[in-house]
Amino acid sequence: MSTRRHNATILIADDDVSVIKTLSALLETSNYDLQFASDGLQALQLARDLDPDVMLLDVMMPHKDGFMVAKKIRSQSDVIPIIFLTAKSLEEDKLKGFQTGADDYLTKPFHKDELIARIRQQLEEGRQVYWVCPLIEESEALDLTNATETHALLTEALNPPGGKPVMVGLLHSRMPP
């Protein structure tokens, strides 16, 4: 397992060119590896191919909307943090976003510092989750779809007798229900 550090990859899925330009200008100074999708099908393909560290996802896109994209990604993986960045600001839209798998939801127009803070928060949570993986010799063999068994295995592996679970809760919070 590689422990190489890299610039975080952010997949931005939005069909509005002006939003893409704004996000590019805002995020390029932070040394992120920015990748772009202009529709839902392309977003799904790039999410599979790139395994991004964070995904910024619009709701209203051609071919598949952002809700469908998030639901499909969550059916395959619970690891990619998804931040909806959309003009859909109704309460029911926000609830649907979280129900389909969003880690966060931000409406347009957005404040640039708030967006950056939310991205950094998701990246930090992701680093905490993955930091535990090198500690387990056979981490590739773990079946993370069985939360109960995985939690028990990690608790036993990471906690000396009499110790308290520290990292297990973070990993457990990113596993599928």
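Predicted model, so just to flag it, every value in this text is computed and none were measured. (Residues numbered from 1 in each chain as written. Predicted model: local features only at pLDDT ≥ 70, side-chain atom pairs only at ≥ 80, totals over all residues. Heavy atoms only, no water.)

### Regarding the pattern of salt bridges
Throughout the structure, instances matching the rule amount to 6 salt bridges. When the shortest N-O distance is used, the salt bridge between Lys88 and Asp93 registers 3.8 Å. In this structure Asp93 comes out as buried when scored by relative accessible area, which is 11%. Linking Glu114 and Arg118 is a salt bridge whose minimum nitrogen-to-oxygen distance equals 2.4 Å. With a gap of 4 residues between them, Glu114 and Arg118 both fall in helix α5 (residues 112-131), about one helical turn apart. Residue classification places Glu114 among the partly exposed residues on the basis of a relative accessible area of 33%. For Arg118, a relative accessible area of 21% corresponds to the partly exposed category. (Salt bridge = Lys/Arg side-chain N within 4 Å of Asp/Glu carboxyl O. Buried < 20%, exposed > 50% of the residue type's maximum accessible area, 1.4 Å probe, protein only. Helix = DSSP H or I, 4+ residues; strand = E, 2+ residues; numbered from the N terminus.)

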